[in-house]
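Residue strings, one per chain:
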Amino acid sequence: MNWNYFIFFAITSLLFWTAGAWAGWKGRKVAAFTTTGCGLLVFSVFIILLWISLERPPLRTMGETRLWYSFFLPLAGIIVYSRWRYKWILSFSTILSAVFIAINLFKPEIHDKTLMPALQSPWFAPHVIVYMFAYALLGAAFVMAVYLLFFKKKYTEEPDICDNLVYVGWAFLTIGMLFGALWAKEAWGTYWAWDPKETWAAATWLAYLVYIHLRLNRRSTVKTALWILIVNFLLLQMCWWGINYLPSAQGTSVHTYNLS
Amino acid sequence: MWTKPWNYREGTAVTMGLTVVGLMLQYSVGPLEWKAFTWPANAIVLAVFVSFIVGAYALRERVYAFRFMTSVQAAVPALAAAALLTVIMGLTRQVPEGKPAADPFGLTKMLNFWPFVLIYVWMTAIVGEVTLRQLGRLNKRAIPSLVSHAGLFIVLTTATLGSADMQRVKMYCETGKPEWRVLDERQDVKELPLAIQLNRFSIEEYPPKLMVIDDKGLPLPVKKPAHILVDRAFKGAKLFDWDIRVVKHVDNAVPEMMAKMVGNMPGEMVGRMRMDSLGQALNKGGYISFEGKGAQCALLVRATKGGKTTEGWVTCGSYQFPYQGLELDKHHTLVMPNREPERFASDVTVFTKDGKSVDTTIEVNKPFTIARWKVYQLSYNERMGKWSDLSIFELVRDPWLPAVYFGIYMILLGAILMFVQAATHRQN
């Protein structure tokens, strides 16, 4: 299995997810669950086969993390759908996932088998997978914030969905960060070294805490909270891939092997 | 302003006040030196800080400001200020420890920048205060939050105050010689109550790669160099327009000319000799298998493009002989980049002062713990690569680690509880 076959798996999954989005829109629950589930299954088969053929978890390059992101978005979408039955959520998650699949198809990177010794650890997979799931949930919260601020404009219970997405997303963000800390202790001798990636992770983590605490006060305006979600998502992008291009992080971060 | 109940405006005023005080401190006493907090200073500071928080909690009914500390209106501005300063830290290139800041304000040494420190202290005080309040009025729904707050308080206090007690030293071990002396962060020599004897250092390498460089020596394509991996299953592959086949694959090889010279040389001398590029150019016999120090993989490669075939040896070279590439045409050469290590490990015997000895293997991601020191595989003689007879270890001793870990596990538990709560909490 290699990236040459990705297009077939990706298109099959996307067709399933589109069908699921359509079924969700029409209120056909069973059809929405089955088709989205099938799409996830096809996509996960590709990930597993790629994992086996690379002989290492596909989590190192940006292209590989985008792969997980395109997988987790529909997963987060179907979880939200199962709880709140929002008919548009599957369309959103499918479109976002399609964007990341398209980036991987049109901007292929060189993928090789080598993995430096520092990355060979049982912590590697949980650390990155948990983070990608957190990013997907917080991405969904961001989409929701944009939708509420610029399209729907009148809202009643929707901000509560944002809250829930952020609670779960932040919980995963925390777990990902602390797994990273425990791993760092085993690999480099310190659990926290203020490496640029760690600094941005801390900033992002605090920024989501601002949202969570602000929302505890029911008298605060929802609009401010939604804007905070948008700003926070930008911080998250900086943490995820922005630092690869950030002058202040060049040559100082142990986390910039993503591009090689 | 300052009419009760206080709101975000007052909360923001506190953080701005702390920033101003921080700036005044920065200019008057200079950046904060964390090294000043070595034992027992850190324990005293921690005790004072905790007593302040407990005292504030006890006086909360009488002093409104202490009650305000546990409000969202105090927490949000504090978190926002901490996030903002951390973002600034992320945007500025930080200066390593032991060097002065590169800017007039001290932002490039954010961890020693007073406003940053004071904002974090304020945030920590709030976290501590909230923990006590939540402990005081135990409520099932607040348990995830209580566990997270308590864990965060422990981590923030013990990790920062404990950092001054952390020792990081480097030990250089040569094969067969027990070593107990180390270099500390200031390159001063220290003696440890334990000794390490390197029995064998080894590197496993990934299969060799082949890539094309231009006449400036840059790998092509410049932005994302392409390569092929020549493992045991390799049959042939296309690299740009060349069809690459491997005719002969010698894992441990030396130039034939060198092997001939080495034939009757004393071993010690072989270890020191180095063939230069002239010798390499004169080497007509290619490479032969050699199971000794300094050997490196060599590939006899055939490259075909448009009916034209070139054949020749390619190797990345070792510390004993230079690399050799295969000229494909005037502007392109096929080369083998330096091999990438898959795993490097040291087989060692560790001796402690009480006369015990332990045999173990130390490798990256697998440190060894003995006598409250954690021993990490750090480096080796990179020039000699897999033939290195030197292994460099980093030894770390952090007496506050158990407390920090306790806090980390509490935050982890809090996050899991929060996830469970969010997942089971349905609307209304």
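As a convention, each chain's residues are numbered from 1 in the sequence order in which they are written. Here chains are named by letter from A upward and ligands by number from 1 upward, in the order in which they appear as written. Predicted model: local features are reported for residues with pLDDT of at least 70 only, side-chain atom pairs are reported and counted for 80 or more only, and whole-chain, interface and lining totals are derived from all residues. Note that the side-chain values use all heavy atoms of the structure and ignore hydrogens as well as water.

A. Structural detail: the packing of aromatic side chains. Within 6.5 Å between ring centres, the rings of Phe, Tyr and Trp (the latter by its six-membered ring) count as paired, and their orientation is classed by plane angle as stacked under 30 degrees, edge-to-face over 60, tilted in between. One pass over the full model with this rule turns up 42 aromatic pairs over all chains. Taken together, a centroid distance of 4.8 Å and an interplanar angle of 70° make the contact between F133 of chain A and F172 of chain A edge-to-face. Placement of F133 of chain A in helix α5 (residues 124–152) and of F172 of chain A in helix α6 (residues 158–188) is noted, with a sequence separation of 39 residues between them. Under the scheme applied here, a residue whose accessible area is under 20% of the maximum for its type counts as buried, over 50% as exposed, and between as partly exposed, the area being computed with a 1.4 Å probe on protein chains only. Taking relative accessible area as the criterion, F133 of chain A reaches 10% and is therefore assigned buried. Working rule: Lys NZ or Arg CZ, within 6 Å of ring centre, within 35 degrees of ring normal, means a charge sits over the ring. The ring of W180 of chain B is capped by R181 of chain B, whose NZ or CZ atom sits 4.7 Å from the centre of that ring. If you follow K305 of chain B out to its NZ or CZ, it ends over the ring of W242 of chain B, 4.5 Å from the centre. Starting at the N terminus, helices and strands are each numbered in turn, a helix being any DSSP run of H or I of at least four residues and a strand any DSSP run of E of at least two.

B. Focus on the interface of chain A and chain B. In this analysis, two residues are considered to be in contact whenever any of their non-hydrogen atoms come within 4.5 Å of each other. Taken together, the 59 residues of chain A in the interface contact 63 residues of chain B. The quantity reported as buried area is the accessible area (1.4 Å probe) lost by two parts once they are put together, taken as the sum for both. Interface area, chain A with chain B, both sides summed: about 5000 Å², of which 66% is carbon and sulfur. Salt-bridge detection follows one rule: a side-chain nitrogen of Lys or Arg within 4 Å of a carboxyl oxygen of Asp or Glu. Our enumeration of links across chain A and chain B arrives at 1 salt bridge. A salt bridge links K374 of chain B to E186 of chain A; the shortest N-O distance between them is 2.9 Å. We call two N or O atoms a polar contact when they sit within 3.5 Å, provided that within protein one can donate a hydrogen and the other can accept it, with sequence-adjacent residues counted only if both atoms are side-chain atoms. At the boundary of chain A with chain B, the tally comes to 11 residue pairs in polar contact (both at pLDDT 80 or more). The set of elements that each furnish at least two residues to the side of chain A that touches chain B consists of α3 (62–84), α6, α7 (196–216) and α8 (222–240) of chain A. It is α6 of chain A that provides the largest number of residues to the side of chain A that touches chain B, a total of 17 residues. Gly is placed with the polar residues, together with every amino acid not listed as nonpolar (Ala, Val, Leu, Ile, Met, Phe, Trp, Tyr, Cys and Pro) or charged (Asp, Glu, Lys and Arg). Here the side of chain A that touches chain B is composed, by residue class, of 36 nonpolar, 14 polar and 9 charged.

C. Molecular detail of the UniProt feature "transmembrane region" (unreviewed entry) in chain B. UniProt positions are given in the numbering used here, feature names are shortened, and annotations may be inferred rather than shown by experiment. The positions UniProt marks with the feature "transmembrane region" (unreviewed entry) are residues 12–29, 41–59, 71–91, 111–130, 142–164 and 400–420 of chain B. Annotation note: span residues 142–164 of chain B, helix share 87%, strand share 0%, distance between end C-alpha atoms 34 Å.

D. Seen up close, the domain arrangement of chain A. Residues and elements named next belong to chain A. For the domains described, the bounds stem from an automatic or database domain assignment. As assigned here, chain A comprises domain 1 (1–113) and domain 2 (121–253). If you average the C-alpha positions of domain 1 and of domain 2, the two centres end up 21 Å apart. In this assembly, 20 residues from domain 1 lie in contact with 22 residues from domain 2. Summed over the three residues of domain 1 that lose the most area to domain 2, namely L59, Y69 and F72, the buried surface amounts to 28% of that side. Taken together, the connections running from domain 1 to domain 2 amount to 1 residue pair in polar contact (both at pLDDT 80 or more). The set of elements that each furnish at least two residues to the side of domain 1 that touches domain 2 consists of α3 and α4 (89–106). Element by element, the count of residues in the side of domain 1 that touches domain 2 is highest for α3, at 11 residues. Residue composition of the side of domain 1 that touches domain 2, by class: 18 nonpolar, 1 polar and 1 charged.

E. Expanded view of the pattern of salt bridges. Residue and element names in this part refer to chain B. Tallied over the full model, the rule gives 23 salt bridges over all chains. One salt bridge connects E204 with R343, and the closest N-O pair in it is separated by 3.1 Å. Placement of E204 in strand β3 (residues 189–205) and of R343 in strand β13 (residues 341–352) is noted, with a sequence separation of 139 residues between them. Through salt bridges with shared partners, a single ionic network connects E204, R343, E363 and K366.

F. Examining empty space enclosed by the protein more closely. Residue and element names in this part refer to chain A. The rule is simple: put a 1 Å grid over the protein atoms alone, call a set of points where a 1.4 Å probe fits but cannot get out a cavity, call an open set with protein on both sides within 12 Å along at least five of seven lines a pocket, and count a residue as lining if it has an atom within 4 Å of a point. Grid points are joined across faces, edges and corners, and a volume is the space filled by probe spheres set on the points. Under the defined criterion, the tally for this structure stands at 4 cavities of 30 Å³ or more. Considering only enclosed or pocket space, the largest cavity measures out at about 450 Å³ in volume. Lining the largest cavity are 26 residues, and of these H127, V128, Y131, K197 and H255 lie nearest its centre. Elements that contribute at least two residues to the lining of the largest cavity include exactly α5, α6, α7 and α8. Partitioning the lining of the largest cavity into residue classes produces 18 nonpolar, 5 polar and 3 charged. Viewed by domain, the lining of the largest cavity spans two of them, domain 1 (1–113) and domain 2 (121–253), each represented by three or more residues. Roughly 60 Å³ of volume is contained in the second largest cavity. Every residue lining the second largest cavity is listed: L73, G77, I89, F92, S93, L96, A140 and V143. Secondary structure elements with two or more residues in the lining of the second largest cavity: α3, α4 and α5.

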